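Analysis of the macromolecular model
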Amino acid sequence: MSASSIPLKRRIRTAAIATAASTVLVSAHSAVAATQTPHRQRVITDVRTVADFDYAAGEIPENITVNPDRSLTLSMIGAAAGKAPALVRISPSGHRTVLAASAQGDGITGNIRGKDGTVYYNVWSSSAARAGVWKIAPGRSPVRLAPLPTDGLPNGMALDADGRTIYVADSLKSTVWAVPVAGGPVKAWLTDPALAPVTSEAVPFGANGLRFHKGAVWVSNLAQDSLLRIPVTGNGRPGRIHVVTKNIDGVDDFSFLNDHSDVVFAAQNAPDKVSVIYPGGKVKTVLTGGDGLASPSATAVSDGRLYVTDGGLNPPHDAQLQRGKINVPALYPHAGS
């Protein structure tokens, strides 16, 4: 979903690809990156590390959900370090609880929370018994909700507004899957070249991050440097694909300023950036490696704060969770607010 993309899997070979990919993507996109000028005023202030992780133990944060009680649910990818993945809850006091795990060689990618407190997460695996969408109902053990193809890579995920359908971005199959929350057959909701990986890229992952926002499915494509908006029509089918931007190099997962705004905070994995994407497609960098970013894979916004997961794919492997305050006047420098 995600720095995810980078450690995100294609079996163990992904672990080998991951480190080299960061350097390759940075140089390959240097011309594009030069066009993304930071704000004169800082959009994200008071940036600090709120949790450190042990990369060698597989604690490689891939995706994040901020819960109503201010606890955090983090997907730990594991695979880039050759370890088993885990889904971890961090309480406001910092206490850590493992909610679920999978086998070594698998990956736990996107995670989300339903209104009833059920946690959903993706498992990427070569095992037909494990690959797919899993759920943890309150007070229950993990169970698989739906299988997904073992030759795909389920990544970002989101619930629709009614909480009836989970959309899943598949980074290898150019597809967004639709998974009924109540159970039932999984459908390929959309398969399109705009979601496709690019096989010539060092990390050939296509559709990556995914969010449901204002009646549309939004998807990032790591290989194509794009952010897409796909309206959900009245009959539930995908409408015409709108390209928000194709100028967001190494884009991983992303989040919105709030439920009403189309302003996006996107993690850019290999370039070590977080950028703002405005509704017209303009891209502005707001955090860089100078702020401590280390293979950022996902962002989340809550109570005026921006959370960023850092996978730490490159030495010295600073896997961590960062948090900063959103300076809204700097976000809209000409709004007079």
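Owing to the predicted nature of the structure, the values given are computational and were not obtained by experimental measurement. (Residues numbered from 1 in each chain as written. Predicted model: local features only at pLDDT ≥ 70, side-chain atom pairs only at ≥ 80, totals over all residues. Heavy atoms only, no water.)

What to know about the overall build of the chain
A count of helical and extended segments in the chain gives 3 helices and 24 strands. Here the chain holds 337 residues, and 56% of them are scored as buried. Summed over its atoms, the accessible surface of the chain is roughly 13,100 Å², and 51% of this surface lies on carbon and sulfur atoms. (Helix = DSSP H or I, 4+ residues; strand = E, 2+ residues; numbered from the N terminus. Buried < 20%, exposed > 50% of the residue type's maximum accessible area, 1.4 Å probe, protein only. Areas by Shrake-Rupley, 256 points an atom, 1.4 Å probe, with all protein chains shown as cover.)

Concerning the layout of surface pockets
Roughly 1,100 Å³ of internal volume is contained in the largest pocket. Around the largest pocket, the lining comprises 37 residues; the ones closest to its centre are R113, L159, R211, F212 and D259. Counted by class, the lining of the largest pocket contains 17 nonpolar, 11 polar and 9 charged residues. Roughly 320 Å³ of volume is contained in the second largest pocket. Together, 16 residues line the second largest pocket, and R70, L72, P92, Y307 and R323 are the ones closest to its centre. Broken down by class, the residue content of the lining of the second largest pocket amounts to 8 nonpolar, 3 polar and 5 charged. (1 Å grid on protein atoms, 1.4 Å probe; cavity = no way out; pocket = protein on both sides within 12 Å on 5 of 7 lines; lining within 4 Å. Points joined across faces, edges and corners; volume = space filled by probe spheres on them. Nonpolar A, V, L, I, M, F, W, Y, C, P; charged D, E, K, R; others polar.)

Section: the sheet that holds strand β23 (residues 305–310)
Strand order in the open sheet formed by 4 strands is β1-β24-β23-β22, and the pairing between neighbours is antiparallel. Strands with a single pairing partner mark the edges of an open sheet, and in this sheet they are β1 (44–52) and β22 (296–302). Ignoring which end each strand starts from, the neighbouring axes of this sheet average 20° apart. Pairing of β23 with strand β24 (residues 320–326), which is carried by 6 bridges, proceeds in the antiparallel orientation. If you follow V308 over to β24, its bridge partner there is Q322. (Pairing = 2+ DSSP bridges. Axes fitted to C-alpha atoms, helices over the stretch in contact; angles between N-to-C directions.)

Things to note about the sheet that holds strand β19 (residues 264–268)
Hydrogen bonds between backbone groups are what pair the strands of a sheet, and the pairing can be parallel or antiparallel. Here 4 strands make up an open sheet; going across it, the order is β18-β19-β20-β21 and the pairing antiparallel. Here the strands that pair on one side only, and so sit at the sheet edges, are β18 (251–256) and β21 (283–287). Along the sheet, successive strands turn relative to each other by an average axial angle of 30°, direction set aside. Relative to β19, β18 runs antiparallel, the two sharing 4 bridges. What sits directly across from V251, in β19, is Q268.

Concerning the packing of aromatic side chains
In total, this model carries 5 aromatic pairs according to the counting rule given. Ring geometry for Y167 against W189: centres 5.1 Å apart, planes inclined by 65°, an arrangement best described as edge-to-face. A residue pair is termed long-range when its members are at least 10 positions apart, and Y167 in strand β11 (residues 165–170) and W189 in strand β13 (residues 187–191) qualify at 22 residues. Residue classification places W189 among the buried positions, given a relative accessible area of 11%. Taking 4.8 Å as the distance between ring centres and 85° as the angle between the ring planes, the aromatic pair formed by W218 and F256 counts as edge-to-face. On the criterion of sequence distance, the pair formed by W218 in strand β15 (residues 216–221) and F256 in strand β18 is long-range, its members being 38 residues apart. In this pair, the class of W218 matches that of F256, namely buried. Each residue in the set Y167, W189 and F212 is aromatic and connected to the rest through ring pairs, giving one cluster. (Phe/Tyr/Trp six-rings, centres within 6.5 Å; stacked < 30°, edge-to-face > 60°.)

A few points about the side chain of S75
Of note, S75 is situated in strand β3 (residues 72–76). Taking relative accessible area as the criterion, S75 reaches 0% and is therefore assigned buried. Beyond its immediate stretch of four places on either side in the chain, S75 contacts I60, P61, E62, N63, A86, L87, I108, T109, G110 and N111. (Contact = heavy atoms within 4.5 Å.)

Structural notes on the nonpolar core
The nonpolar side chains of soluble globular proteins are, as a tendency, buried together. Among the nonpolar cores identified, the biggest contains 19 residues, and F53, Y55, I60, I64, L74, Y307 and L321 are the most heavily contacted of them. Secondary structure elements with two or more residues in this core: β3, β4 (86–90) and β22. Apart from residues no more than four positions distant in its own chain, I64 is found in contact with L72, T73, L74, N111, A298, T299, A300, Y307, T309 and L321. Listed in part, the 16 residues of the second largest apolar core include V263, F265, L293 and L306. (Core = buried A, V, L, I, M, F, W, Y, C linked by side-chain atoms within 4.5 Å.)

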